[in-house]
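# A closer look at the structure
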Amino acid sequence: MDSPLNQLLLYCRPGFEAEAGRELTDAAAALGAWGYFQPADGMGWLQFTLAGGMDAPALLSGLPLSTLVFVRDWMVVVAEVELPATDRVGAVLDAVRDAGVDAVPGCDRIEVRVPENNSDADLSRFARKWVAPLSRALRGAGLLGDGGGNGDRLELLLVDFSRVVIGISPVNNRARWPMGIPRLKLSEAAPSRSALKLEEAWKVLLPEGRALDYLGGGKTGVDLGAAPGGWTWQLVQQGMTVTAVDNGPMDDALMATGMVTHVQSDGYLWRPKRAVDWMVCDIVDKPRRTATMVSDWFADQLCRYSVFNLKLPMKRRYEEWLVCRDLIGERLAEAPFAVRLRARQLYHDREEITCFLERTD
């Protein structure tokens, strides 16, 4: 096309649009690109426009989604369409044709999304039913591949019945789940809904296809701030023997497994007598305190892997994450081993982000 594809659509947790936009602004600038965004608070998505340095496909080719915290998923925007009351399919076809994007025929399939906080059941039903006629029409017009393309995906965000954003989701740099949200089901045996946080953290933050390497083999674990035992339950499900540290009571059925030792103590102050494989922590406290405590565990080589949450303040949430990230890096800079830190604001998080820290020696 005559002008570059210079716009991205970003998915994030509703209410964190500004953090997602600022994060991408900084990440793009580090690669020599600059842009701007206009967040609409509470939407769960925003559009980011590149104004120089590189276009959107070039940026995505050099910036892995896995390095971002507040951006869950993204796509390169092809067109934005005001939908008529009739022949919405035709309006999409015209918009794709007019965009003149050569890459679209390389897309193998189409997906239609609705905003995460959509409450209109009719819109959700329409989105599901719209996929088939759209696919037939786009393939018939030569605007969608039939399986022999590059594996990219044509995605539509159906904002409402009168507006849709059309984009390309790159096969090698997108979330594993639509909009970055794995759909999980809470087991009736789980002591609390917090169990879903740890399950999602493992799915999102562990290297793909290597869960058994990290979780299997009869490992040992510690859960700080464990009661009533949602995260402890997840560790036990992986066959781990667990020390659950909390002054509060633990779930009776969980304790009956014989896999858990309950220690009534302050999770921030307690330390094990010997090193364990996993330390997890979902204590709600000042994020810098948590970051310092986790750093101490690693500096003293008390664990190899950790998943922990950082409860962000109401103001300066993005800045607080950067402070905690740098704090961990600085405190472990002189350690006799290397570490790797990944973080993401998960679907099951609220005002926190979830981090995975591991020794890589």
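Preceding this section is the structure that the text describes.
Description of the structure in this document.

## With respect to the sheet that holds strand β1 (residues 7-11)
Strand order in the open sheet formed by seven strands is β2-β3-β1-β4-β7-β6-β5, with mixed pairing between adjacent strands. Strands with a single pairing partner mark the edges of an open sheet, and in this sheet they are β2 (34-37) and β5 (109-113). Neighbour to neighbour, the strand axes of the sheet diverge by 35° on average, direction disregarded. Pairing of strand β6 (residues 153-160) with strand β7 (residues 163-169) involves seven bridges; the strand directions are antiparallel.

## Observations regarding unusual backbone geometry
The omega torsion across A227 and P228 is 0°, close enough to zero to call that bond cis. If you trace the backbone, P228 turns up in the loop between β8 (220-224) and α7 (230-237). Residues other than glycine seldom take positive phi values, yet M179 does so here, at roughly 60°. Take M179: it is sitting in the loop between β7 and α5 (195-205). By relative accessible area, M179 is classed as buried at 10%. Its identity as a non-glycine residue notwithstanding, R316 has a phi of 55°, on the positive side. Within the secondary structure, R316 is located in the loop between β12 (303-311) and α10 (317-331). Since its relative accessible area comes to 59%, R316 is described here as exposed.

## Notes on the environment of N118
With respect to the element layout, N118 can be found in the loop between β5 and α4 (121-140). A residue is classified by how much of its surface remains accessible, and N118, at 23% relative accessible area, is partly exposed. Along the primary structure N118 and V159 are separated by 41 residues, whereas in three dimensions their C-alpha atoms are 8.6 Å apart. Setting aside residues up to four positions removed in sequence, N118 forms contacts with L123 and S124. Within polar-contact distance, the side chain of N118 engages the side chain of S124 at 2.9 Å.

## Things to note about the packing of helix α9 (residues 287-299) against α10
Running from N to C, α9 and α10 cross one another at 20°; their axes reach a closest spacing of 9 Å. As summarised for this structure, α9 and α10 are arranged roughly parallel, according to the angle between their axes. The interaxial crossing formed by α9 with α10 has right-handed handedness. Counted together, P287, R288, A291, T292, S295 and D296 of α9 and E320, V323, C324, L327, I328 and R331 of α10 form the full contact between these two elements. When grouped by side-chain class, the residues that make up the contact of α9 with α10 number six nonpolar, two polar and four charged.

## A few points about the packing of helix α1 (residues 17-30) against α10
Think of two packed helices as two axes; the pair is described by the angle between the axes and how far apart they sit. One way to put it is that α1 packs onto α10 with a least axis distance of 9 Å and a crossing angle of 50°. Taken together, the axes of α1 and α10 are oblique relative to one another. On the side of α1, the interface is formed by E19, R22, E23 and D26, while α10 contributes R317, Y318 and E319.

## Thoughts on α1
Over its 14 residues, α1 extends 20 Å from the first C-alpha to the last, a length consistent with the 20 Å expected when each residue adds 1.5 Å. Listing the buried residues of α1 in full gives E17, E19, A20, G21, E23, L24, A27 and A28. On its buried side, α1 packs onto β1, β2, β3 (45-52), α2 (56-62), β4 (73-82) and α10. Following α1 by one or two positions, G32 has its phi on the positive side, about 90°.

What counts, and where the lines are drawn
- Residues numbered from 1 in each chain as written.
- Predicted model: local features only at pLDDT ≥ 70, side-chain atom pairs only at ≥ 80, totals over all residues.
- Heavy atoms only, no water.
- Pairing = 2+ DSSP bridges.
- Helix = DSSP H or I, 4+ residues; strand = E, 2+ residues; numbered from the N terminus.
- Axes fitted to C-alpha atoms, helices over the stretch in contact; angles between N-to-C directions.
- Buried < 20%, exposed > 50% of the residue type's maximum accessible area, 1.4 Å probe, protein only.
- Contact = heavy atoms within 4.5 Å.
- Polar contact = N/O pair within 3.5 Å; in protein donor to acceptor, adjacent residues only side chain to side chain.
- Parallel < 35°, antiparallel > 145°, perpendicular 65-115°, else oblique.
- Left-handed = near helix turned anticlockwise from the far one by under 90°.
- Nonpolar A, V, L, I, M, F, W, Y, C, P; charged D, E, K, R; others polar.
- Expected span 1.5 Å × (residues − 1).

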